[in-house]
Amino acid sequence: KVVEVKRVGHTGTLDPAACGVLPICVGPVTRLADYINAGPKSYRAEIMLGVTTRGDDAEGDVATVCDAGHLDDTAIRAAMASFTGTITQRPPAQSAVWIDGQRAYHMARAGQEITMPEREVTVHEFTLVRLLPGAHPRVLADITVSKGTYIRALARDLGAALGVGGTLSFLARTQVGLCRLED
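About the criteria used
Throughout this document, residue positions are counted from 1 along each chain, in the order its sequence is written. At least 70 in pLDDT is required for a residue's local features to be given in this predicted model, at least 80 for side-chain atom pairs to be given and counted, and no such filter applies to totals for whole chains, interfaces and linings, which use all residues. Side-chain measures here rest on the full set of heavy atoms in the structure, leaving out hydrogens and waters. The helix count covers DSSP runs of H or I at least four residues long, the strand count covers runs of E at least two residues long, and both are numbered beginning at the N terminus. Burial classes follow relative accessibility: with a 1.4 Å probe on protein chains only, a residue under 20% of its type's maximum area counts as buried, one over 50% as exposed, and anything between as partly exposed. Here, two residues are considered to be in contact whenever any of their heavy atoms come within 4.5 Å of each other. Shrake-Rupley sampling with a 1.4 Å probe provides the accessible areas, and residues are treated as covered by the protein chains on show and by no other component. Positive charges are assigned to Lys and Arg, negative charges to Asp and Glu, while His and the chain termini are left out of the count. Charged groups are reduced to one reference atom each: NZ for lysine, CZ for arginine, CG for aspartic acid, CD for glutamic acid. As used here, the arc belongs to the directions running from the helix axis to the C-beta atoms. Take the buried residues of types Ala, Val, Leu, Ile, Met, Phe, Trp, Tyr and Cys, join any two whose side-chain atoms come within 4.5 Å, and each joined set is a nonpolar core. Pairing between strands is defined by DSSP: at least two bridges between the two strands are required. Each polar contact in these results corresponds to two N or O atoms within 3.5 Å; when the atoms are within protein, one needs to be able to donate a hydrogen and the other to accept it, and residues that are neighboring in sequence are counted only if both atoms are side-chain atoms.

Colleague: What should I look at first to understand the overall build of the chain in this one?
Modeller: Counting secondary structure elements, the chain contains four helices and 13 strands. Across its three principal axes, the chain shows a C-alpha extent of roughly 55 × 40 × 30 Å. Counting the 183 residues in the chain, one finds 42% classified as buried. When contacts within the chain are restricted to residue pairs at least 6 apart in sequence, long-range pairs at least 24 apart make up 67% of them. Just so you have it, the chain exposes about 10,000 Å², and 52% of that area is on carbon and sulfur atoms. Positive and negative charge centroids in the chain, built from 19 and 20 side chains respectively, lie 8 Å apart.

Here it is, written out as structure tokens:
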């Protein structure tokens, strides 16, 4: 045993392929998990344009591929701006959302067809950090969002808005509420 307590909990989920901040609450602090998780979350993400996958990330099977080499940072910044503020988002089928008493990812992995309900989320920041050009440009972005926002869905929807499709190729959570990666 590392900690001599009975109650330990985390403040939410993090995609299996992602890395970064996932606060763990120990002992009486577990009662504060909802407050910690209620604050905004920040990420550094890489989005590959011109490729879509079944899971909206690099772990999923490739669904479509097209040349997106014509896109420049001006077009990408304009599309990103359209996703800033309160938006309606449809979570990926492979997500931790509860549907009829089951996690959506369990149903998706079992091959069941799922219609994910849309939800309102807030994107506080969606900023282009760097564009790596090519047939499948990679967009490095800093993103700050409200609880319940799926970055994989933002990647998918950004690609759709640009007319080429998109998928999340890397994700690091850099902040949850007051808990920062650099701390």
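Past the structure itself, the notes keep going.
Colleague: Help me understand helix H2 (residues 73-81) in this model?
Modeller: In an α-helix, one turn spans 3.6 residues; hence positions three or four apart end up facing the same way. For H2, the complete set of buried residues consists of Ile76, Ala79 and Met80. All buried residues of H2 fall inside an arc of 100 degrees around its axis, so they share one side. Contacts from the buried residues of H2 go to strand S4 (41-49), strand S10 (119-132), strand S11 (138-145) and helix H4 (151-161).

Colleague: Looking at this structure, I do not really get unusual backbone geometry. What am I missing?
Modeller: Leaving glycine out, the prevailing phi sign among residues is negative, and the prevailing peptide bond configuration is trans. A positive phi angle, close to 65 degrees, is found at Asp56, a residue other than glycine. Counting through the fold element by element, Asp56 comes out in the loop between strand S5 (51-53) and strand S6 (62-65).

Colleague: Any chance you could explain the nonpolar core here in plain terms?
Modeller: Soluble globular proteins tend to pack their nonpolar side chains together in the buried interior. Among the nonpolar cores identified, the biggest contains 28 residues, and Leu49, Phe126, Ile151 and Leu154 are the most heavily contacted of them. Elements with a contribution of two residues or more to this core: S4, H2, S10, S11, H4 and strand S12 (166-176). Apart from residues no more than four positions distant in its own chain, Ile151 is found in contact with Tyr43, Ala45, Ile143, Val145, Leu168 and Leu171. The next biggest cluster of nonpolar side chains, apart from the first, holds 10 residues, and it includes Ala104, Met116, Tyr150 and Ala153.

Colleague: Just to check I follow, could you spell out the environment of Ile87 for this structure?
Modeller: Here Ile87 shows up in strand S7 (residues 85-89). Note: C-alpha distance between Ile87 and Arg119 (32 residues apart in sequence) is 8.3 Å. Discounting chain neighbours no more than four positions away, the residues touching Ile87 are Ser82, Arg119, Glu120, Val121, Val123 and Leu154.

Colleague: Help me understand the pairing of S11 in this model?
Modeller: The two faces of a sheet get side chains in turn, since along a regular strand they alternate between them. As paired strands, S4 and S11 are joined by eight bridges and run antiparallel to one another. Residue Ala45 lies in a different strand from S11, and its bridge partner there is Ala141. Bridging between S10 and S11 involves eight bridges; their strand directions are antiparallel. Paired with Phe126 across the bridge in S11 is Ile143. The turn joining S10 and S11, which pair antiparallel and follow one another in sequence, is formed by five residues; a positive phi near 150 degrees is taken by Gly134.

Colleague: Hey, could you run me through the side chain of Thr53 in this one?
Modeller: Summarising the element assignment, Thr53 is placed in strand S5. Looking at Thr53, its side chain comes within polar contact range of the side chain of Thr167, at 3.0 Å. Apart from residues lying up to four places away in sequence, Thr53 is in contact with Gly60, Asp61, Val62, Ala63 and Thr167.

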